[in-house]
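Each chain is listed here by its residues.
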Amino acid sequence: MGFSFFLPINQRISTLLMLVLTASSFFYIKDFSLKTFKLFAPFYLLYVLYAFAYFRDNFEIVNLMFERKAILLALPLVFSVVKLDTTNYKLILKYFVYGCIVAYILSLCVAIYNSISFNPFEFDSTIAAHRSNKLLNPNASTLLTNNFLSLGFTLDMNATALAMYFSMALAILHVVKDLFNKHQKYFFSSILVIGVFQLASVLGVIMLFYVIASLLKPKLNKAMIIIGITGFILILGVISQKDKIQIIDSEKLEKLDSRVVIWHTAFNSINSTNFFTGTGVKKAQKLLDKNYPKEGEFGFAAQIKKLDSHNMYIQFILEIGILGLAVYLISILLFFKQIKSMTNYNKALSLVFIGLILFLNITECAFNIYIGISFFTFFYVLALAYKQHETNISK
């Protein structure tokens, strides 16, 4: 419960709790379920592929043992030892919702604190660096200069990923009927919806509407996932060829969203990698840095921030090749196969979860940020471990 509670709040604490859970699971190894452990076989293959990728990056394989990818091994081990009954399953979900609410409250408190000056007393929601005219771009958007919006409201977390957490918590509130009373449910729902809009992520808002639509029309869930992914593939196809298509005004597109430049560069960088096994984690980043524009506002940001491809599907190919992408997609297909035989709220939540993670991967490299890979691994393992419990009971 502690891990699910701190997951949306603080990455360091949740990582520490994951290590404690992993270590303590060895004391109960006699309860280890090989049948449950085998459900997560694609995770182990992904871990091996990443180990190989790190090994190619100047023999840094040791770092992987304590790096964020270790969660691909840790959580399957924990849930293969723990007997996940219905009571514990619901408690885990309940504490995750509490964690999201606390994350919002903490963000709100920090935003208020950062907006107050005491000598003399003044309330100004503008981020301090902008207030003192220290930032390079005085014409920056309000979304980037306000303590109550976007990056100023995330407590150093990825805004899109945090919006995904809030959307998942909203789904839990309305799918699992007996976790909260009516007043708590609607009060928490209001906080979560407001939180998503304050995070001001376009994809975050899209994911929120996806969850709401899934709750209202569950039968449309798979159709929305298919339409969303297909739409992205078509967009990516056009962007990848934007130099050859005269009807596209590249400069206007780049001003609309820097991902137009990022995806185009990342897609074309695939040609410089080992298509089957990738080029390694650090080498993939160096390749992107080399190919990104060096001039203009975007070029400056790209070199300072070391931007990844902002798309996990492309990033898989760059880092661990088409083999890695195939293993990941197989894990998704196997999850869909398991969903068919799930019952009640576990099935509904699993469909929402898989849709959210597939959407997140469109504009973020989920496996390269802890808040992304932990969300994917946690809810994937939780859903299948609970399904295994239901299967054991029905026999």
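Within any chain, residue numbers begin from 1 and follow the written order of that chain's sequence. Local features are withheld for residues below a pLDDT of 70 in this predicted model, meaning they are given only at 70 or higher, and side-chain atom pairs are given and counted only at 80 or more; totals for whole chains, interfaces and linings count all residues. The side-chain values count all of the structure's non-hydrogen atoms but skip hydrogen atoms and water molecules.

Caption draft 1: Structural detail: the overall build of the protein. Secondary structure elements are taken from DSSP: a helix is a run of H or I of four residues or more, a strand is a run of E of two residues or more, and numbering for both begins at the N terminus. From N to C terminus, the protein includes 20 helices and two strands. Within the protein, buried positions represent 51% of all 395 residues. A separation threshold of at least 6 residues defines the contact pool for the protein, and within that pool the share at least 24 residues apart is 73%. Reported accessibility uses the Shrake-Rupley method at a 1.4 Å probe radius. Residues are deemed covered only where the shown protein chains occlude them. Summing over all exposed atoms, the protein offers an accessible surface of approximately 19400 Å²; the carbon and sulfur share of this is 66%. Working definition: with a 1.4 Å probe on protein chains only, accessible area under 20% of the residue-type maximum means buried, over 50% means exposed, and in between means partly exposed. Contacts are assigned to residue pairs with any non-hydrogen atoms lying within 4.5 Å of each other.

Caption draft 2: The arrangement of the packing of aromatic side chains in detail. Two rings belonging to Phe, Tyr or Trp (six-membered ring only in the last case) form a pair when the distance between their centres is within 6.5 Å. Interplanar angles under 30 degrees mark stacking, angles over 60 mark edge-to-face geometry, and anything in between is tilted. Inspection of every chain in the model, using the stated rule, returns 35 aromatic pairs. When the ring of F5 is compared with that of F6, the centres are 5.0 Å apart and the planes differ by 85°; the resulting orientation is edge-to-face. Looking at F6, the relative accessible area reads 25%, which means it is partly exposed.

Caption draft 3: Region of the structure containing the confidence of the model for the protein. Each residue carries a pLDDT score, the predictor's confidence in it, ranging from 0 to 100. Chain-level statistics for the protein give a pLDDT mean of 80 and a share of 79% at 70 or above. The low-confidence segment residues 130–136 (pLDDT under 50) makes 14 contacts with residues lying over four places distant or belonging to another chain. In the predicted structure, residues 244–256 sits below a pLDDT of 50 and forms eight contacts with residues beyond four places in sequence or in another chain.

Caption draft 4: Representation of the pattern of salt bridges in the model. Any carboxyl oxygen of Asp or Glu that lies within 4 Å of a side-chain nitrogen of Lys or Arg is treated as forming a salt bridge with it. With the rule as written, the count across this model stands at one salt bridge. Across the pair D178 and K90 runs a salt bridge whose closest N-O atoms are separated by 2.7 Å. With a gap of 88 residues between them, D178 in the loop between α10 (159–175) and α11 (182–199) and K90 in helix α7 (residues 86–115) connect regions that are remote in the sequence. The exposure class of D178 is exposed, given its relative accessible area of 53%. Taking relative accessible area as the criterion, K90 reaches 17% and is therefore assigned buried.

Caption draft 5: Just the nonpolar core, in detail. Side-chain atoms within 4.5 Å link the members of a nonpolar core, which is a set of buried Ala, Val, Leu, Ile, Met, Phe, Trp, Tyr and Cys residues. Formed by 116 residues in total, the largest nonpolar core has its most connected members in M168, I172, F353, I357, F367, F375 and F379. Looking at this core, the element that brings in the most residues is helix α20 (residues 370–394), giving 14 residues. Look past the residues within four positions of F375 in its chain and what remains in contact with it is F96, M164, Y165, M168, F353, L356 and I357.

Caption draft 6: Looking closely at helix α4 (residues 41–56). One fewer than the residue count of a helix, multiplied by 1.5 Å, yields its expected span. For α4, with 16 residues, the first-to-last C-alpha span of 23 Å sits near the 22 Å given by 1.5 Å per residue. What α4 keeps buried is the set P42, F43, Y44, L46, Y47, L49, Y50, A51, A53 and Y54.

Caption draft 7: Spotlight on the packing of helix α18 (residues 312–339) against helix α19 (residues 344–363). Axis lines are fitted to C-alpha atoms, over the contacting stretch for helices. Their N-to-C directions set the angle, which ranges from 0 to 180 degrees. Contact geometry of α18 with α19 gives a least axis separation of 12 Å together with a crossing angle of 165°. Between α18 and α19, the angle is such that the two are roughly antiparallel. Two packed elements cross with a definite hand, and for α18 against α19 that hand is left-handed. The segment α18 lies against α19, with M312, Y313, Y328, I332, F335, F336 and I339 engaging K347, S350, L351, F353, I354, I357, L358, N361 and I362. Polar here means any residue other than Ala, Val, Leu, Ile, Met, Phe, Trp, Tyr, Cys and Pro, which are nonpolar, and Asp, Glu, Lys and Arg, which are charged; Gly is therefore polar. Considering only residue class, the contact of α18 with α19 consists of 13 nonpolar, two polar and one charged. By definition in this entry, angles of less than 35 degrees are roughly parallel, angles greater than 145 are roughly antiparallel, angles of 65 to 115 are roughly perpendicular, and the rest are oblique. Handedness of a helix crossing follows the sense of rotation of the near helix relative to the far helix, less than a right angle counterclockwise being left-handed and clockwise being right-handed.

Caption draft 8: Region of interest: the side chain of Q388. Along the chain, the position of Q388 falls in helix α20. Given a relative accessible area of 9%, Q388 falls into the buried group. Apart from residues lying up to four places away in sequence, Q388 is in contact with K35, T36 and L39.

Caption draft 9: Fine view of a nonpolar patch on the surface. Like charges within 9 Å and nonpolar side chains (Val, Leu, Ile, Met, Phe, Trp, Tyr) within 5 Å are joined into patches, using only residues over 30% in relative accessible area that form no salt bridge. Nonpolar side chains collect at one region of the surface, where F197, F209, I212 and L216 lie side by side and expose about 410 Å² of accessible area between them. The element contributing the most residues to the nonpolar patch is helix α12 (residues 202–216), with three residues. Classification of L216 by relative accessible area gives exposed; the value is 65%.

Caption draft 10: Here's a closer look at unusual backbone geometry. The phi torsion at A200 lies on the positive side, around 55°, for a residue other than glycine. Considering the arrangement of structural elements, one finds A200 in the loop between α11 and α12. For A200, a relative accessible area of 24% corresponds to the partly exposed category. The phi dihedral of N344 is positive, around 40°, even though this residue is not glycine. Within the secondary structure, N344 sits in helix α19.

Caption draft 11: How the structure looks around the environment of G372. Along the chain, the position of G372 falls in helix α20. G372 sits twelve residues away from L360 along the chain, and the two C-alpha atoms are 8.3 Å apart.

Caption draft 12: A look at the environment of F40. As for its position among the elements, F40 is in the loop between α3 (34–38) and α4. Considered as a pair, F40 and S80 are 40 residues apart in the sequence and their alpha carbons are 9.9 Å apart. Discounting residues that sit within four places of it in the chain, F40 has contacts with P76, S80, Y380, V381, L384 and A385.

Caption draft 13: Local environment of the environment of A23. On the secondary structure map, A23 appears in helix α2 (residues 11–25). Separated by 55 residues in the primary sequence, A23 and V78 have C-alpha atoms spaced 9.0 Å apart.

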